[in-house]
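# Chains, contacts and geometry: an overview
Residues per chain are reported as follows:
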Amino acid sequence: MKLFDLKGRVALVTGGNGGIGLGMAAGLAQAGAAIAVVGRSKTKGEAAARQLASHGVECAFIAADVAREAGCRAMVHDTVARFGRLDIVVNNAGTNIRKRPEAYDAAEWHHVIDTNLSSAFHACQAAYPELCKTGGGKIINIGSMTSIFGLAFATAYAASKGGIMQLSKSLATAWAKDNIQVNAVLPGWIDTDLTRNARTQVEGLHDRVVARTPAGRWGCPRGPRRHRGVPRQRGLDFVTGTAIPIDGGYSAQG
Ligand code: NDP
């Protein structure tokens, strides 16, 4: 496991104070990374930092609104000031406004795009010199199934998540020379606060997701403890049917 040892590394996880972000932060902490948990809610953020510290690593909550460029720059600055370096950036914070495209106003459109897509660009740009200082690093941007297909009730969200995929490919090709690897992760339907709201707003969503998903269930940020009565502890049980190029960026570059 030395290959995956993150002792001495520092990871910044936006939205690391809940849902998928907290699950990913826990995985990074278990591997030994110190964690900067970024979010807006101090209560949730400090609770998450305490929970993550139980893995024996340094953790701190860093308050920032990633929908603002200044917030992204400040969170990178504050992370380096607190931990002395930056090695891993997880751009996970996200939001959604569910309505038909004809009903969006411009402010709603910009709020979703700024929170989900522009945030990742600003964070990556701010992090770039810090990652270069440590000889390289990893950037993980969180997309969605809507990076691939559309949803009638999530136009801005789908546009932002499609953008996340292309942003990741462009940064990967630009910064490979700096030993910075940039990838996007596209979660399916995962049971979090975000989708709990979706299930109340979109009738029949829960059952449609279960019916369409071969695994026959929603994903869970830290893996389900039991599924159909069988204990499940492994982290990759919800990854199936994918083809992941391991190619140094060959297939990402045009
Ligand atoms: P949650 O709503 O559970 O968590 C989102 C987190 O992002 C919150 O902890 C929130 O913290 C933080 N956040 C939101 N807006 C901002 C902001 N402007 N500045 C700083 N932090 C912010 O969502 P999920 O865990 O479900 O989603 C995480 C990511 O995964 C998102 O990008 C989402 O689009 C994506 N995703 C989720 C899927 C799912 O099924 N759940 C499927 C596919 C993708 P705070 O309130 O403190 O700001």
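The structure reproduced in this document is the subject of the present report. (Residues numbered from 1 in each chain as written. Predicted model: local features only at pLDDT ≥ 70, side-chain atom pairs only at ≥ 80, totals over all residues. Heavy atoms only, no water.)

## Concerning the sheet that holds strand E5 (residues 137–142)
Strand order in the open sheet made by the six strands is E3-E2-E1-E4-E5-E6, with parallel pairing throughout. With one partner strand each, in any of the chains shown, strand E3 (59–63) and strand E6 (180–185) form the two edges of the open sheet. Shown here is a sheet whose adjacent strand axes are inclined to one another by a mean of 15 degrees, direction ignored. Two strands pair when backbone bridges link them, and E5 and E6 are joined in this way by six bridges, in the parallel orientation. The partner of isoleucine 139 across the bridge, within E6, is valine 182. (Pairing = 2+ DSSP bridges. Helix = DSSP H or I, 4+ residues; strand = E, 2+ residues; numbered from the N terminus. Axes fitted to C-alpha atoms, helices over the stretch in contact; angles between N-to-C directions.)

## Some thoughts on helix H2 (residues 42–53)
The terminal C-alpha atoms of H2, which comprises twelve residues, lie 16 Å apart, in line with the 16 Å expected from a rise of 1.5 Å per residue. Within H2, the full set of buried residues consists of Gly45, Ala48, Ala49 and Leu52. One side of H2 carries all its buried residues, which in axial view fall inside an arc of 100 degrees. Of the exposed residues in H2, the ones pointing more than 90 degrees away from its buried face are Thr43 and Arg50. (Expected span 1.5 Å × (residues − 1). Buried < 20%, exposed > 50% of the residue type's maximum accessible area, 1.4 Å probe, protein only. Arc of directions from axis to C-beta.)

## Focus on the environment of arginine 217
Assignment of secondary structure puts arginine 217 in the loop between helix H7 (205–212) and strand E7 (226–227). A C-alpha to C-alpha distance of 12 Å links arginine 217 and leucine 205, two positions twelve residues apart in sequence.

## Considerations on unusual backbone geometry
Peptide bonds are trans in most cases, and residues, glycine excluded, mostly fall at negative phi. Phi angles above zero are rare outside glycine, and asparagine 179 is one such case at about 60 degrees. Within the secondary structure layout, asparagine 179 lies in the loop between helix H5 (155–175) and E6.

## Quick notes on the pattern of salt bridges
Tallying each qualifying case throughout the model produces 13 salt bridges. Between aspartate 193 and arginine 196 there is a salt bridge, and its shortest N-O distance comes to 2.7 Å. Residue aspartate 193 and its partner arginine 196 are both found in helix H6 (residues 193–201); the two are separated by three residues, about one turn of the helix. Judged by its relative accessible area of 43%, arginine 196 is partly exposed. Each of Asp191, Asp193, Arg196 and Arg199 takes part in salt bridges that share partners, so that together they form one network. (Salt bridge = Lys/Arg side-chain N within 4 Å of Asp/Glu carboxyl O.)

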